[in-house]
Amino acid sequence: VDANLPLAQLNDVMEKTVKKPQKGDSVVYWMRLADLRIHDNRALSRASEYATKQDIPLIALFVLSPQDYIAHDRSARRVDFTLRNLVILKESLSKLKIPLHVTSHSPRRNIPSFVLGWCETYGARALFANIEYEVDELRRDIQTCKLAIPKGIQVNLFHNKCVIEPGVLFTKQGKAYAVYSPYQRNWIATLNANLPYYLEECPMPTGNAGSVRSSEKFASLFDSPIPETVEGFELEDGDRRKMCEVHPAGEEVAGKLLDVFLHTKSRSSQLGAVNPLADGSQKANAQTRILNYGKDRDRVDKDTTSRLSVYLSSGVLSVRECVRATMRMQKSKKVDGGRDTGIGRWVQEIAWRDFYTNIVASFPRVSMGRPYLEKFASVVWENHQAPQESGTGRRGQDSDDAEVVKRWKDGKTGVPIVDATMRCINEMGWVHNRVRMITAMYLTKDLMIDWRVGERYFMQKLIDGDLASNNGGWQWSASTGVDPCPYFRIFNPHTQSGKADPTGEFIRHWVPELRPLRGPDLHNPSESAANKLGYPLPMVIHSEARERALRRYGNPGEE
Ligand code: FAD
């Protein structure tokens with residue numbers, strides 16, 4: 001890794017923390033936002049091994065950081081999902097006699113000293129955590145290591161988010177990849193050559209001795225409550241109920257959902273609108289979703305994809321387990337997992353997740369509001385004032401209250417597939433990849449609104465909001481990113497609509513006023529049909545908007 005990158009600096013400074021710590025009274029596992037599981041969790045597993053070897057208790061800490069959530073535009077839904085998972089985790093860890101203490105801390109710049117102070121309070125000489133690759137988080141960990149050195153605390157950080165961690169794969173010229181296909185080929189080859197390392201199944205923590213529960217020092221940690229909410233991130237009752245129903249928390253749910261995807265077929269009526277596990281009638285089937293994924297994955301009128309992003313982005317499910325499960329399936333069912341099969345295609349999506357995480361770690365500026373392709377930094381947007389850029393969070397003044405943006409957010413653009421998508425996101429906190437692309441391209445190319453406005457809105461609404469994948473998706477659609485959609489390949493939203501939703505079920509579900517329409521009319525209602533049904537007319541004419549986008553991208557800086 002380039003020595004100037006925060007990830008490289010972190011590696012260096014971590015090495016400098018004390019080599020052989022004194023035994024101490026305990027070991028601390030610092031659980032993070034994308035870490036929410038017990039199974040197959042590197043830092044937790046290693047912390048447990050260390051505690052067992054030293055014969056001292058393992059204790060766990062989770063620090064809620066409202067300032068970070070504001071800086072990263074975290075959705076209240078994701079924060080609530082975190083709290084719901086923490087409740088389950090606290091109970092499961094308690095059964096292993098490992099206490100999980102959840103607390104909130106501000107200002108965020110003091111979190112390193114707060115955590116180290118906590119370690120000292122409990123006599124810990126070794127701290128274990130999994131790495132988060134966003135630049136603010138890397139800087140926080142660098143600071144933690146620096147402060148840990150004089151205190152004699154050893155900091156042990158692990159890669160756990162990806163199958164192949166950032167900073168491992170390089171082009172032949174030794175550069176970070178900025179194009180997906182060669183990255184993916186190297187990814188597969190490296191994975192196959194090192195399966196035991198990259199697909200390691202980390203042992204479950206063994207748990208503490210019973211005496212920890214009754215000890216004076218640690219007992220109160222077992223009883224410390226988990227906050228019901230984080231100030232500023234409260235969910236309305238109705239929304240919370242909906243999120244609990246549609247995206248239930250817990251590792252068990254995530255495991256079942258993976259099974260459903262691998263072993264049952266898709267159902268046309270569900271449209272991702274309900275708890276995917278609610279239908280108890282699902283039976284193992286030869287035509288399972290994953291096997292059909294190669295041909296069906298872009299269909300949004302059926303639940304053709306796994307919906308695991310909710311659990312992967314929060315780390316409730318191990319990405320290594322996803323890949324291992326596909327390998328087990330290939331063996332036991334004797335099915336092909338080659339490049340163009342459903343399994344092969346799905347694993348390539350997992351590689352996209354690694355790719356975008358590698359991008360954020362290798363080119364941190366993309367997560368600071370900069371386009372990867374600097375030549376497009378001066379494209380003229382309709383909302384003139386772009387969000388402010390800063391190294392420590394990107395919440396700025398943007399003019400995203402403009403009527404045009406408001407209609408896009410509310411799903412009232414007059415373009416059915418875009419409106420269905422936005423209403424689905426607003427209600428569900430999740431939507432299918434294909435329509436994320438369509439609506440993102442519509443905002444940036446048809447409406448010529450700065451991609452950062454859309455990126456931010458998605459983060460604020462999605463329950464699976466992940467900086468790297470969201471930024472990657474937005475910069476792909478806006479043609480400003482690594483390996484993006486070329487700027488002159490502008491989606492026609494009506495044609496795209498017919499391909500993604502051929503039965504029209506997705507649109508009819510989310511845009512009920514259009515239910516009487518069928519066929520092409522549903523994808524592009526005539527003026528008279530729209531007026532009759534009380535549906536808005538489009539804000540722009542696609543062919544004209546396309547010309548405007550081509551002009552502005554072709555001559556950045558000019559109107
Ligand atoms: P499946 O099709 O079952 O894929 C399996 C897993 O692979 C996903 O769960 C996800 O972890 C990963 N994956 C699939 N597609 C992509 C992709 N294009 N990029 C990166 N990872 C991928 N994904 C997020 O997890 N969080 C986001 O905030 C996010 N924002 C996005 C914004 C835009 C504008 C776009 C175009 C895409 C975004 N994605 C994001 C990627 C993708 O849309 C979702 O991961 C996918 O829709 C999740 O559905 P699934 O779990 O059923 O995916």
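From a predicted model like this one, the values you see are computed outputs, not experimental measurements.

Draft legend 1. A look at empty space enclosed by the protein. All chains considered together, the criterion is met by five cavities of 30 Å³ or more. Empty space within the largest cavity amounts to approximately 460 Å³. Taken together, the elements giving at least two residues each to the lining of the largest cavity come down to strand S1 (26-31), strand S2 (58-64), helix H3 (66-71), helix H6 (135-151), helix H14 (309-313), helix H16 (342-362) and helix H21 (467-477). Ranked by the residues each element gives to the lining of the largest cavity, the list is headed by H16, at three residues.

Draft legend 2. Main features of the site of the ligand. The local shell around the ligand holds 29 residues, among which Tyr293, Thr305, Ser306, Arg307 and Asn433 are the closest. Contact distances for the ligand include 2.6 Å between an oxygen atom and a side-chain N or O atom of Ser306. Asp464 is positioned with one of its backbone polar atoms (N or O) 2.8 Å from a nitrogen atom of the ligand. Compared with its free state, where it exposes 820 Å², the ligand has 96% of that area covered by protein. Of the pockets mapped on this structure, the ligand occupies the largest pocket. Elements with a contribution of two residues or more to the shell around the ligand: H14, H16, helix H19 (433-446) and H21. Broken down by class, the residue content of the shell around the ligand amounts to 14 nonpolar, nine polar and six charged.

Draft legend 3. A look at the sheet that holds strand S3 (residues 100-104). Across the sheet, five strands lie side by side as S3-S2-S1-S4-S5; this open sheet has parallel pairing. Where the open sheet ends on each side, the last strands, each with one partner, are S3 and strand S5 (154-158). Averaged over neighbouring strand pairs, the angle between their axes works out to 25 degrees when direction is ignored. Bridging between S1 and S2 involves five bridges; their strand directions are parallel. Bridge pairing in S2 links Met31 to Phe62.

Draft legend 4. Spatial organisation of the nonpolar core. Core analysis: the largest hydrophobic core is formed by 133 residues, its most contacted members being Phe62, Leu86, Val163, Trp187, Tyr311 and Trp408. Take this core: its biggest share by element is nine residues, from H16. Formed by 32 residues, the second largest nonpolar core is a distinct cluster that contains Met14, Trp30, Ala129 and Phe222.

Draft legend 5. Quick peek at the environment of Leu291. Following the sequence through the fold, Leu291 ends up in helix H13 (residues 289-296). With a relative accessible area of 28%, Leu291 lands in the partly exposed category. Considering only alpha carbons, one finds Leu291 and Pro182, 109 residues apart in sequence, at a separation of 25 Å.

Draft legend 6. A look at the pattern of salt bridges. Taken as a whole and judged by the stated rule, the model has 37 salt bridges. We note a salt bridge from Arg108 to Asp136, for which the minimum N-O separation is 3.1 Å. With a gap of 28 residues between them, Arg108 in the loop between S3 and helix H5 (111-121) and Asp136 in helix H6 connect regions that are remote in the sequence. Comparing Arg108 with Asp136 shows no difference in burial state: the two are buried. In this structure, Glu321 and Arg324 form a salt bridge, with 2.9 Å as the shortest nitrogen-oxygen distance. Of the two residues, Glu321 and Arg324 both sit in helix H15 (residues 319-332), three residues apart, roughly one turn of that helix. Both residues of the pair, Glu321 and Arg324, belong to the buried class. Linked by salt bridges that have partners in common, Asp40, Glu201, Arg320, Glu321, Arg324 and Arg328 make up one network.

Draft legend 7. Looking closely at the confidence of the model for the protein. Per-residue confidence for the protein gives a mean pLDDT of 93; residues scoring 70 or more make up 93%. The low-confidence segment residues 390-397 (pLDDT under 50) makes 31 contacts with residues lying over four places distant or belonging to another chain. Across the whole predicted complex the pTM is 0.95, and at the interface the ipTM reaches 0.99.

Draft legend 8. Focus on helix H12 (residues 251-263). Its 13 residues place the ends of H12 18 Å apart at the C-alpha level, agreeing with the 18 Å of an ideal helix rising 1.5 Å per residue. For H12, the complete set of buried residues consists of Glu251, Val253, Ala254, Leu257, Leu258, Val260, Phe261 and Leu262. Buried residues in H12 make contact with helix H4 (76-95), H13, H14, H15 and H16.

Draft legend 9. Quick peek at unusual backbone geometry. For the peptide bond that leads from Ser106 to Pro107, omega is -10 degrees, which places it in the cis range. With respect to the helices and strands, Pro107 occurs in the loop between S3 and H5. Unusually for a residue other than glycine, Lys97 sits at a positive phi of about 65 degrees. By secondary structure assignment, the location of Lys97 is in the loop between H4 and S3. Backbone geometry places Lys334, a non-glycine residue, at a positive phi of 55 degrees. With respect to the secondary-structure elements, Lys334 resides in the loop between H15 and H16. Lys334 gets classed as exposed once you look at its relative accessible area, which sits at 73%.

Draft legend 10. Here's a closer look at the side chain of Glu321. Looking at Glu321, the relative accessible area reads 18%, which means it is buried. In terms of polar contacts, Glu321 uses its side chain to reach the side chain of Arg324, at 2.9 Å. Residues in contact with Glu321, not counting those within four places in the same chain, are Asp40, Leu258 and Arg328.

Draft legend 11. View of the pairing of S5. The element S5 is largely enclosed, with a buried count of five among its five residues. Across five bridges, strand S4 (residues 124-130) lies against S5 in parallel orientation. The residue of S5 that forms the bridge with Leu127 is Val155. For the crossover from S4 across H6 to S5, the handedness is right-handed.

Draft legend 12. Local environment of the layout of surface pockets. Counted as a void, the largest pocket has a volume near 1,400 Å³. Lining the largest pocket are 47 residues, and of these Tyr293, Glu349, Trp352, Tyr356 and Asn433 sit closest to its centre. Those elements that provide at least two residues to the lining of the largest pocket are helix H7 (180-193), H14, H16, H19 and H21. In terms of residue count, H16 provides more of the lining of the largest pocket than any other element does, eight residues in total. Split by residue class, the lining of the largest pocket holds 20 nonpolar, 14 polar and 13 charged.

Conventions adopted
Residues numbered from 1 in each chain as written. Predicted model: local features only at pLDDT ≥ 70, side-chain atom pairs only at ≥ 80, totals over all residues. Heavy atoms only, no water. 1 Å grid on protein atoms, 1.4 Å probe; cavity = no way out; pocket = protein on both sides within 12 Å on 5 of 7 lines; lining within 4 Å. Points joined across faces, edges and corners; volume = space filled by probe spheres on them. Helix = DSSP H or I, 4+ residues; strand = E, 2+ residues; numbered from the N terminus. Near = heavy atom within 4 Å. Polar contact = N/O pair within 3.5 Å; in protein donor to acceptor, adjacent residues only side chain to side chain. Areas by Shrake-Rupley, 256 points an atom, 1.4 Å probe, with all protein chains shown as cover. Sits in = over half its atoms within 2 Å of the grid points. Nonpolar A, V, L, I, M, F, W, Y, C, P; charged D, E, K, R; others polar. Pairing = 2+ DSSP bridges. Axes fitted to C-alpha atoms, helices over the stretch in contact; angles between N-to-C directions. Core = buried A, V, L, I, M, F, W, Y, C linked by side-chain atoms within 4.5 Å. Buried < 20%, exposed > 50% of the residue type's maximum accessible area, 1.4 Å probe, protein only. Salt bridge = Lys/Arg side-chain N within 4 Å of Asp/Glu carboxyl O. pLDDT = per-residue confidence, 0-100. Contact = heavy atoms within 4.5 Å. Expected span 1.5 Å × (residues − 1). Right-handed = clockwise from strand over helix to strand, strands pointing away.

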